[in-house]
Structures are given as C-alpha cells and as structure tokens.
Amino acid sequence: MALKWGPVIVIGLLCLIVAVTAASLLPMATVQRVLRPLAHVERLTRLPEYARVYRIYFLSMIVTGALLLA
C-alpha cells in the first residue's frame, strides 16, 4: 500500500493557511521601551580592533554565501 501524497499536500496547505490567518488576525503585544543612545559610536567604529572584527565577520559572511550557492 503506497502513501498517497494528495491528502498530505492538502492538509499541509490547510495548516499553512490557518497559521497565516491566525498570525495576521491575532493582536501583537506592543513593547514600549526607551532605548539609550550609544555614546561615541563613530569613534568606536574607527578603532583597529573593531575594523579587524568587522573584516572577519564580513569575510565569513562571504564564505557562507558562497558555500550556500555551491
């Protein structure tokens, strides 16, 4: 006895429709908080340590993207 994929697809689509409908109709909780401004961000981003960490982050993102494409 083979598995019939038609009902599985229909049930999956119905579950997706129910989830999207519930997510769009149910109210979301709003967060009311005040963010503190960051001090001296422009000065901190010019530090050599920050530049090195950001360069490593950027190269790792490029490698990850290339591996995902491959």
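Everything numeric here is computed off the predicted structure, so don't read it as measured data. (Residues numbered from 1 in each chain as written. Predicted model: local features only at pLDDT ≥ 70, side-chain atom pairs only at ≥ 80, totals over all residues. Heavy atoms only, no water.)

J.: Is there a simple way to explain the overall build of the chain in this structure?
T.: Each helix and strand in the chain was counted, giving three helices and zero strands. Moving toward the C terminus, one meets the helices and strands of the chain in the order α-α-α. Taken over C-alpha atoms, the radius of gyration comes to 24 Å for the chain, far larger than the 11 Å a tight globule of 70 residues would show. With the C-alpha coordinates of the chain rotated into their principal frame, the extents come out at 65 × 40 × 15 Å. By the burial criterion, 0% of the 70 residues in the chain qualify as buried. Of the roughly 7,300 Å² that the chain leaves accessible, carbon and sulfur atoms contribute 74%. (Helix = DSSP H or I, 4+ residues; strand = E, 2+ residues; numbered from the N terminus. Rg over C-alpha atoms; globule rule 2.2 N^0.38 Å. Buried < 20%, exposed > 50% of the residue type's maximum accessible area, 1.4 Å probe, protein only. Areas by Shrake-Rupley, 256 points an atom, 1.4 Å probe, with all protein chains shown as cover.)

J.: Looking at this structure, how should I read unusual backbone geometry?
T.: Negative phi is the rule for most residues except glycine; trans is the rule for most peptide bonds. One non-glycine residue, His-40, adopts positive backbone phi at about 55°. Positionally, His-40 belongs in the loop between α1 (5–25) and α2 (41–44).

J.: Would you mind showing me how to read a nonpolar patch on the surface here?
T.: A surface patch of nonpolar side chains, about 890 Å² in accessible area, is lined by Leu-44, Leu-47, Tyr-50, Tyr-54, Tyr-57, Phe-58, Leu-59, Met-61 and Ile-62. Among the elements that make up the nonpolar patch, the one with the highest residue count is helix α3 (residues 48–69) (seven residues). When you line up the elements, Leu-59 lands in helix α3. (Patch = residues over 30% accessible without salt bridge, like charges linked within 9 Å, V, L, I, M, F, W, Y side chains within 5 Å. Salt bridge = Lys/Arg side-chain N within 4 Å of Asp/Glu carboxyl O.)

J.: Looking at this structure, how should I read the packing of aromatic side chains?
T.: When we look at a pair of aromatic rings, we describe it by the centre distance and by the angle of the planes. The full count for this structure, using the stated rule, is two aromatic pairs. The interplanar angle of 15° and the centroid separation of 6.2 Å between the aromatic rings of Tyr-50 and Tyr-54 together place this pair among those described as stacked. Placement of the pair is Tyr-50 and Tyr-54 together in helix α3, with a separation of four residues, close to one helical turn. Of the residues examined, Tyr-54 reaches a relative accessible area of 43% and is grouped as partly exposed. Summarising the aromatic geometry, the rings of Tyr-54 and Tyr-57 are spaced 5.9 Å apart at their centres and angled 45° between planes, so their arrangement reads as tilted. (Phe/Tyr/Trp six-rings, centres within 6.5 Å; stacked < 30°, edge-to-face > 60°.)

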